[in-house]
Amino acid sequence: MDYFYELYASYILKRTIKLTEDDILSINTEERYVPFARLLAQKAKEITGNGSYLVIIENKKAKEAVEIFSDYLIEKSPTLFIYLQGRDEEPMFENEKIYSAREAQLFGHLASPTILPEASVSFLTIPMPSPHWAKRIFEEAEEKSIATLISDFLGLNSEKEIPSLREAIEIDEYDKLNLNGHKSRKAKLYSDDGMIDLSFSFVENSRFNSLIFETKNKRRFMPHLFPSSYFRAIDKNSANGHIYTSMPFILFDKVINSAGFEFERGKITSFSSSEEDAERIRTYLLQDEEAANLAEISVTETFSELEEIPLFNYSEWDKLRGIVLTLGSPRSEAVPFKSEDEASSKGVATSLFTLSIPLGTAVTLSVESEDGDEEVIYSDGFIEDYQ
């Protein structure tokens, strides 16, 4: 495990942001992750020459803040906030219960705020191995199982050089150029076997965005460890058709292995699943008025690291499954408006709840050109080059 954490820390500091001698880290962590926080701070000092702030979190509140690996009083404010994210016990599922925001957060179904201000400082969330995370997807509740999962996904044991933030930005810019070259808002999603046939419209003035962010002073950074999901808001009133997925997803702490959904005027009107799964799907759809509305689409190119990992139970990584549709609310970064009222009036779904449904790579996403012709954006796991 010590070797894993060494590799994990190196990956984080090279992949997510380009550190300079002006950088000061603030690492927020529960007591159990303090050794890894100190390792991050030590590796950061080797690059920046500076110490870091260590903030101990208890019951979701800052308990204590100290300076570490610094030979003098740190007088500068942090330039990068890192949060070491553990996993909490989910509430017990109750059929047809309306859940609070706190309960939705513990289940992983709390939507992000519709509008967020532009970041003034870089920030990063790091998922940390834990027995609770392990027992959600493995029979044994051992942290090393999650460490192996993360290591395999990120290629930590590979002899390949860790990809830099600069390389991630280059790929990101090329893919978004292809996705956003098409100006039409009308789109269609379908599969050759007929299991997916859905038409919808993107939100006015929206674009495909990614998980590479920029601060007010134009500094690029990654708030998560993987940038290859491109997402765009869907008009909440526009979806018509049906989808069926045989890819697993988590709903109220249970793996749903397959489900089908019918959409009319943007909202789920009926669904098919096992009887046991139906209780959870029905309960989700009851949560609030827009929980059942289609809100966002995510696009990811296929890559081999995911082929042997059917489920992460970590929302950002589970959205890397080819085409993924999100109900309830899009990510804040997908909303091109300055107020929640304007966003809602322009067709952005604003539910307190969210649920992502993976469809995989055997799907075609197209838009309608000005001449009424079909222009394919994504097919069989790859983003099409825009001509």
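Visitor: An account of the sheet that holds strand β1 (residues 25–29) is needed here, citing residue identities and associated values.
Guide: Sheets are built from strands paired through backbone hydrogen bonds, the pairs being either parallel or antiparallel. One open sheet holds the five strands; their spatial order is β3-β2-β1-β4-β5, and the pairing between them is mixed. With one partner strand each, in any of the chains shown, β3 (61–68) and β5 (122–127) form the two edges of the open sheet. This sheet shows a mean twist of 20° between the axes of neighbouring strands, independent of strand direction. For strand β2 (residues 52–58) and β3, the ladder comprises seven bridges, and the chain directions are antiparallel. Within the sheet, the bridge partner assigned to Y53 lies in β3 and is E67.

Visitor: Which residues make up the side chain of R331, and what values go with them?
Guide: Following the sequence through the fold, R331 ends up in the loop between β17 (323–327) and α9 (340–345). For R331, a relative accessible area of 7% corresponds to the buried category. Residues contacting R331, with those up to four places away along its chain left out, are S112, L211, S229, F231, E296, S298, E316 and K319.

Visitor: Break down the environment of D175 for me, with residues and values.
Guide: Position of D175 relative to the elements: it lies in helix α6 (residues 165–180). Relative accessible area serves as the criterion here: at 7%, D175 is assigned to the buried category. The spacing of D175 and K338 is 163 residues in sequence and 26 Å in space, taken between C-alpha atoms. Ignoring anything within four residues of it in the chain, the contact list for D175 reads Y230, E301 and I383.

Visitor: Talk me through the layout of surface pockets; I want residue IDs and the actual numbers.
Guide: The calculated volume of the second largest pocket comes to roughly 570 Å³. What lines the second largest pocket is a set of 23 residues, and nearest its centre among them are Y11, R15, L154, P163 and E305. Counted by class, the lining of the second largest pocket contains 13 nonpolar, four polar and six charged residues.

Visitor: Explain the pattern of salt bridges to me, using residue names and the numbers behind them.
Guide: Scanning the entire structure with this criterion turns up 20 salt bridges. Between R321 and D318 there is a salt bridge, and its shortest N-O distance comes to 3.6 Å. Here R321 matches D318 in class, with each residue buried. Several salt bridges share partner residues, and in doing so they unite E173, E214, K218 and R220 into one network.

Visitor: Explain the packing of helix α1 (residues 2–15) against helix α2 (residues 34–48) to me, using residue names and the numbers behind them.
Guide: Where α1 contacts α2, the two axes come as close as 10 Å, and the packing angle between them is 50°. As summarised for this structure, α1 and α2 are arranged oblique, according to the angle between their axes. Every pair of crossing elements has a handedness; the one defined by α1 and α2 is right-handed. Residue-level contacts link Y5, E6, Y8, A9, S10, I12 and L13 of α1 to F36, L39, L40, K43 and A44 of α2.

Visitor: So what's going on with α1? Residues and values would help.
Guide: In a regular helix each residue adds 1.5 Å, so 14 residues correspond to 20 Å; α1 covers 20 Å between its end C-alpha atoms and thus fits that length. Turning to α1, its buried residues are F4, Y5, L7, Y8, A9, Y11, I12, L13 and R15. On its buried side, α1 packs onto β1, α2, β5, α5 (143–154) and α6.

Thresholds, definitions, all that
Residues numbered from 1 in each chain as written. Predicted model: local features only at pLDDT ≥ 70, side-chain atom pairs only at ≥ 80, totals over all residues. Heavy atoms only, no water. Pairing = 2+ DSSP bridges. Helix = DSSP H or I, 4+ residues; strand = E, 2+ residues; numbered from the N terminus. Axes fitted to C-alpha atoms, helices over the stretch in contact; angles between N-to-C directions. Buried < 20%, exposed > 50% of the residue type's maximum accessible area, 1.4 Å probe, protein only. Contact = heavy atoms within 4.5 Å. 1 Å grid on protein atoms, 1.4 Å probe; cavity = no way out; pocket = protein on both sides within 12 Å on 5 of 7 lines; lining within 4 Å. Points joined across faces, edges and corners; volume = space filled by probe spheres on them. Nonpolar A, V, L, I, M, F, W, Y, C, P; charged D, E, K, R; others polar. Salt bridge = Lys/Arg side-chain N within 4 Å of Asp/Glu carboxyl O. Parallel < 35°, antiparallel > 145°, perpendicular 65-115°, else oblique. Left-handed = near helix turned anticlockwise from the far one by under 90°. Expected span 1.5 Å × (residues − 1).

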